[in-house]
Amino acid sequence: MMLTVQFLARYREELGCESEQLAWQNEWHNIDHVRQFLIARGGVWSVLSDPRIMCARNQDVCSLQEPLQAGDELAFFPMVTGG
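Residues numbered from 1 in each chain as written. Predicted model: local features only at pLDDT ≥ 70, side-chain atom pairs only at ≥ 80, totals over all residues. Heavy atoms only, no water.

Chemist: I would appreciate a short explanation of the side chain of glutamate 20 in the present structure.
Modeler: Tracing the backbone shows glutamate 20 in strand β2 (residues 19-23). Side chain to side chain, glutamate 20 and arginine 41 meet in a polar contact 2.6 Å long. Residues within four places of glutamate 20 in sequence aside, it is in contact with Leu3, Thr4, Val5, Phe7, Arg41 and Trp45. (Helix = DSSP H or I, 4+ residues; strand = E, 2+ residues; numbered from the N terminus. Polar contact = N/O pair within 3.5 Å; in protein donor to acceptor, adjacent residues only side chain to side chain. Contact = heavy atoms within 4.5 Å.)

Shown next, in the form of structure tokens:
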């Protein structure tokens, strides 16, 4: 099974990547586990360590502690402020 991860707005620009398919890993119990996996790549991936990062699972905004299942679609995006 696969996990689809999308990177939106500033994260997409900084990573130079719009989305990625990852092979499912059983140790991924929540979104933060996937985020930590990506950050561990080093370099530009540290952008995902942003403390104000937002995320969604299957197009529903949620917390980093949201449980995951193989086949889910994740999205990481920066907090948006309005005026």
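Chemist: Is there a simple way to think about helix α2 (residues 31-39) in this case?
Modeler: If you check which residues of α2 are buried, you get Ile31, Asp32, Val34, Arg35, Leu38 and Ile39. The buried side chains of α2 occupy one side of the element, clustering within an arc of 155 degrees when seen end-on. Looking at the buried residues of α2, the elements they touch are β1 (2-7), β2, β3 (54-57), β4 (60-62) and β5 (73-77). Two or three places before aspartate 32, at the opening of α2, asparagine 30 has a side-chain oxygen 3.0 Å from that residue's backbone nitrogen. (Buried < 20%, exposed > 50% of the residue type's maximum accessible area, 1.4 Å probe, protein only. Arc of directions from axis to C-beta.)

Chemist: What is the right way to look at the pairing of β5 in this model?
Modeler: In the case of a regular strand, side chains alternate between the two sheet surfaces. Counting buried positions along β5 gives four out of five residues, so the element sits mostly inside the fold. The pairing of β1 with β5 spans four bridges and is classified as parallel. Opposite glutamine 6, over in β5, you have alanine 75 as the bridge partner. Inspection of the sheet shows β3 paired to β5 by four bridges, in the antiparallel sense. Residue pairing for β5: arginine 57 is matched across the bridge by leucine 74. (Pairing = 2+ DSSP bridges.)

Chemist: For this particular structure, what's the right way to read the nonpolar core?
Modeler: Soluble globular proteins tend to bury their nonpolar side chains together. Val5, Phe7, Ile31, Val34, Leu38, Leu48 and Phe76 are the most contacted members of the largest nonpolar core, which totals 22 residues. When contributions to this core are tallied by element, the ones reaching two or more residues are β1, α1 (10-15), α2 and β5. For this core, the leading source of residues is α2, giving four residues. (Core = buried A, V, L, I, M, F, W, Y, C linked by side-chain atoms within 4.5 Å.)

Chemist: Can you walk me through the pattern of salt bridges in this structure?
Modeler: Scanning the model with the defined rule gives six salt bridges in all. Measuring nitrogen to oxygen at the nearest pair gives 2.9 Å for the salt bridge that ties arginine 10 to aspartate 50. Placement of arginine 10 in helix α1 and of aspartate 50 in the loop between α2 and β3 is noted, with a sequence separation of 40 residues between them. Of the residues examined, aspartate 50 reaches a relative accessible area of 16% and is grouped as buried. When the shortest N-O distance is used, the salt bridge between aspartate 32 and arginine 35 registers 2.8 Å. Within this pair, aspartate 32 and its partner arginine 35 are both found in helix α2, separated by three residues, close to a single helical turn. Of the two residues, aspartate 32 and arginine 35, both sit in the buried class. (Salt bridge = Lys/Arg side-chain N within 4 Å of Asp/Glu carboxyl O.)

Read these as spatial facts, not as claims about activity.
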